[in-house]
Amino acid sequence: MDAAGRHGVAVARTHGGERTEWIFDKSTARLLGERTVLVEDNAWGKAGTVVTSVALIDSGIVDEAGQTP
């Protein structure tokens, strides 16, 4: 689940006691967001703790830097 509460299919990589998950929409394969979960206890918290969570809400293509889609 991403930071906006949307569920999807995740691809994950575990390294250094953390699992990074990239979450994709099940129907469109659009990237919804990502999150990082501890898989070992450490200074950030106990295993299972979500330490970052991001949701991509909008995206688009523009002609120049600074423009909004």
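Residues numbered from 1 in each chain as written. Predicted model: local features only at pLDDT ≥ 70, side-chain atom pairs only at ≥ 80, totals over all residues. Heavy atoms only, no water.

**Describing the overall build of the protein chain**
Within the protein chain, the secondary structure is distributed over zero helices and four strands. Along its sequence from the N terminus, the protein chain presents helices and strands in the succession β-β-β-β. Its C-alpha atoms give the protein chain a radius of gyration of 15 Å, more than 25% over the compact-globule value 11 Å for 69 residues. Projecting the C-alpha coordinates of the protein chain onto the three principal axes gives extents of approximately 45 × 30 × 20 Å. For the protein chain, the proportion of its 69 residues judged to be buried stands at 14%. Counting contacts in the protein chain only where the partners sit at least 6 residues apart, residues at least 24 apart contribute 21% of the total. Carbon and sulfur atoms provide 52% of the accessible area of the protein chain, an area that totals close to 5100 Å². Positive and negative side-chain charges in the protein chain, numbering 7 and 10 respectively, have mean positions lying 9 Å apart. (Helix = DSSP H or I, 4+ residues; strand = E, 2+ residues; numbered from the N terminus. Rg over C-alpha atoms; globule rule 2.2 N^0.38 Å. Buried < 20%, exposed > 50% of the residue type's maximum accessible area, 1.4 Å probe, protein only. Contact = heavy atoms within 4.5 Å. Areas by Shrake-Rupley, 256 points an atom, 1.4 Å probe, with all protein chains shown as cover. Lys, Arg positive; Asp, Glu negative; His and termini not counted. Charge placed at Lys NZ, Arg CZ, Asp CG, Glu CD.)

**Brief notes about a nonpolar patch on the surface**
On the surface, a nonpolar cluster with roughly 210 Å² of combined accessible area is contributed by L31, V54 and L56. You can see V54 is positioned in strand β4 (residues 50–55). On the basis of relative accessibility, which here comes to 38%, the residue V54 falls in the partly exposed class. (Patch = residues over 30% accessible without salt bridge, like charges linked within 9 Å, V, L, I, M, F, W, Y side chains within 5 Å. Salt bridge = Lys/Arg side-chain N within 4 Å of Asp/Glu carboxyl O.)

**Some details on the sheet that holds strand β3 (residues 31–38)**
Read across the sheet, four strands follow the order β1-β2-β3-β4 without closing on themselves; strand pairing throughout is antiparallel. What marks the edges here is a single partner per strand, and that holds for β1 (9–15) and β4. The average angle at which neighbouring strand axes cross in this sheet is 15°, direction not considered. Judged from the seven bridges that link them, strand β2 (residues 18–24) and β3 form a sheet pairing that is antiparallel. Its bridge partner lying in β3, F24 is registered against L31. (Pairing = 2+ DSSP bridges. Axes fitted to C-alpha atoms, helices over the stretch in contact; angles between N-to-C directions.)

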